Amino acid sequence: MSPSNHKPDLEESINVSEVHGSVVREAAACAREKRIVDNGIEPVSLWAFVACGIVLLIAGGVLGGGGSLFAYGVTFRPGYVRAPAGGAEDTGPVAKAAMAAYQSKGSKIFSAKCSGCHGADAKGNGSTYPSLAGSAYVNGETERFSMIILNGLQGPVSDGKVYGVMPPQGIGMAPEDLAGIMTYMRNNFGNTKGDVVTMEMAKAAIEISATRKKAGSSCSSEELTADHVKPLPGAALDPGMMLDPITLQPAKAP
Ligand code: HEC
């Protein structure tokens, strides 16, 4: 009786190496058996791949060499310039009426430089910061107003009270910023002057400020009254005039 096809009888003496040998032989036989493959998913012969490769190579050569593949001349015709779409021409920013253009610059300056003290509604707080709504200095002569912004103010202020000291705000202020904030203050928060403080006027203000006797110190109310109760020099600007909102120069005719 072969030891490979019967269970070892514990009564018999077991030849361990013989049993082990038979187990290894059976395992090797199993491993040699072909993999069982389901219908439809049999592995494709390598030859099929090689044949496809050859076909593609020849087809590519014929089409590519013949110029019908990769023929860029057909897609990109020489000398072709695409017609511009309607309205695609850059006509610059949309023109705005002078009043709106100056005020949009001014509202940014107000948020950045004034509202922190005078309040978002410009009404101040009644004790340390005065109201700019209805203020005689805001709505009065433009030179006096501009000197307060550029140099600050040591009161009393227009209502006769002393609130504190306003530090200068003119450092780094460009003429369009000064013109913008002045125009904005004179036409918001209940102030209704209706005029535009122009860039030309703001440039003049910056020059006047530089030649003050006490240049560098806050304006006192005496100095304002003595030297600056004047309109800034410069031609008035029609508030409805159409301007480039960036440069504040007259907009090009469309
Ligand atoms: C750091 C706080 C502070 C900032 C910022 C500030 N102010 Fe003032 N402002 C004051 C104080 C305080 C007074 C009152 C000064 C006094 O009592 O002498 C004043 C007074 C004024 C006055 C006088 C009002 C009147 O009726 O007499 C005007 C006008 C004015 N400020 C405009 C501005 C504008 C415009 C800005 C922004 C560009 C600005 N201030 C930014 C604190 C400030």
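For the structure, see preceding data.
The structure reproduced in this document is the subject of the present report. Please read all numbers here as calculations on a predicted model, not as lab measurements.

## Overview of unusual backbone geometry
Here's step 1: Cis peptide bonds are those with omega within 30 degrees of zero, and the linkage from glycine 155 to proline 156 qualifies with 5 degrees.
Here's step 2: Within the secondary structure, proline 156 sits in the loop between strand S2 (153–154) and strand S3 (165–166).

## Structural notes on the site of the ligand
Here's step 1: Neighbouring residues of the ligand: 26 residues in total, closest Cys114, Cys117, His118, Gly155 and Met166.
Here's step 2: Within the backbone of tyrosine 163, a nitrogen or oxygen atom sits 2.6 Å from an oxygen atom of the ligand.
Here's step 3: Those elements that place two or more of their residues in the shell around the ligand are helix H4 (98–118), helix H5 (136–139), helix H6 (142–151), S2 and S3.
Here's step 4: Ranked by residues supplied to the shell around the ligand, first place goes to H4 with four residues.

## Here's the deal with the nonpolar core
Here's step 1: If you look at the biggest cluster of nonpolar residues, it comprises 38 residues, and the most contacted ones within it are Phe110, Leu178, Ile181, Met182 and Met185.
Here's step 2: If one sorts the elements of this core by residue count, H4 sits on top with seven residues.
Here's step 3: Look past the residues within four positions of methionine 185 in its chain and what remains in contact with it is Phe110, Ala122, Leu132, Val138, Phe145 and Asn191.

## A closer look at the coordination of the iron atom of the ligand
Ideal values differ by geometry: the angle at a metal is 109.5 degrees with four tetrahedral donors, but 90 or 180 degrees with six octahedral donors.
Here's step 1: Those protein atoms acting as donors to the iron atom of the ligand are His118 (NE2) and Met166 (SD), and they sit at 2.0 to 2.1 Å.
Here's step 2: What the six donor atoms of the iron atom of the ligand show is an angle range of 86 to 179 degrees at the metal, which sorts the shape as octahedral. Residue histidine 118 is located in helix H4, and its partner methionine 166 is located in strand S3; the two are separated by 48 residues in the primary sequence.

## Observations concerning the packing of aromatic side chains
Here's step 1: The full count for this structure, using the stated rule, is three aromatic pairs.
Here's step 2: Between phenylalanine 110 and phenylalanine 189 the ring centres are 4.9 Å apart and the planes differ by 40 degrees, which places this aromatic pair in the tilted class. Of the two residues, phenylalanine 110 is situated in helix H4 and phenylalanine 189 in the loop between helix H7 (175–186) and helix H8 (199–210); the sequence distance between them amounts to 79 residues.
Here's step 3: Judged by centre distance (5.6 Å) and plane angle (90 degrees), the ring pair of tyrosine 184 and phenylalanine 189 falls under edge-to-face.

## What to know about the pattern of salt bridges
Here's step 1: If you walk through the whole model with that rule in mind, you get four salt bridges.
Here's step 2: Between aspartate 195 and arginine 186 there is a salt bridge, with its nearest N and O atoms 3.0 Å apart.
Here's step 3: Among the residues examined, arginine 186 registers a relative accessible area of 2% and is labelled buried.
Here's step 4: Lysine 213 is the partner of aspartate 227 in a salt bridge, and the nearest nitrogen-oxygen pair spans 3.6 Å. Pair noted here: aspartate 227 is in helix H9 (residues 221–227) and lysine 213 is in the loop between H8 and strand S4 (219–220), with a separation of 14 residues, a long-range link.
Here's step 5: A relative accessible area of 78% places lysine 213 in the exposed class.

Rules of the game
Residues numbered from 1 in each chain as written. Predicted model: local features only at pLDDT ≥ 70, side-chain atom pairs only at ≥ 80, totals over all residues. Heavy atoms only, no water. Helix = DSSP H or I, 4+ residues; strand = E, 2+ residues; numbered from the N terminus. Near = heavy atom within 4 Å. Polar contact = N/O pair within 3.5 Å; in protein donor to acceptor, adjacent residues only side chain to side chain. Core = buried A, V, L, I, M, F, W, Y, C linked by side-chain atoms within 4.5 Å. Buried < 20%, exposed > 50% of the residue type's maximum accessible area, 1.4 Å probe, protein only. Contact = heavy atoms within 4.5 Å. Donors = N, O, S within 2.8 Å, 3.2 Å for Na, K, Ca; no water. Tetrahedral: all angles 85-135°; square planar, octahedral: opposite > 155°, others 65-115°. Phe/Tyr/Trp six-rings, centres within 6.5 Å; stacked < 30°, edge-to-face > 60°. Salt bridge = Lys/Arg side-chain N within 4 Å of Asp/Glu carboxyl O.

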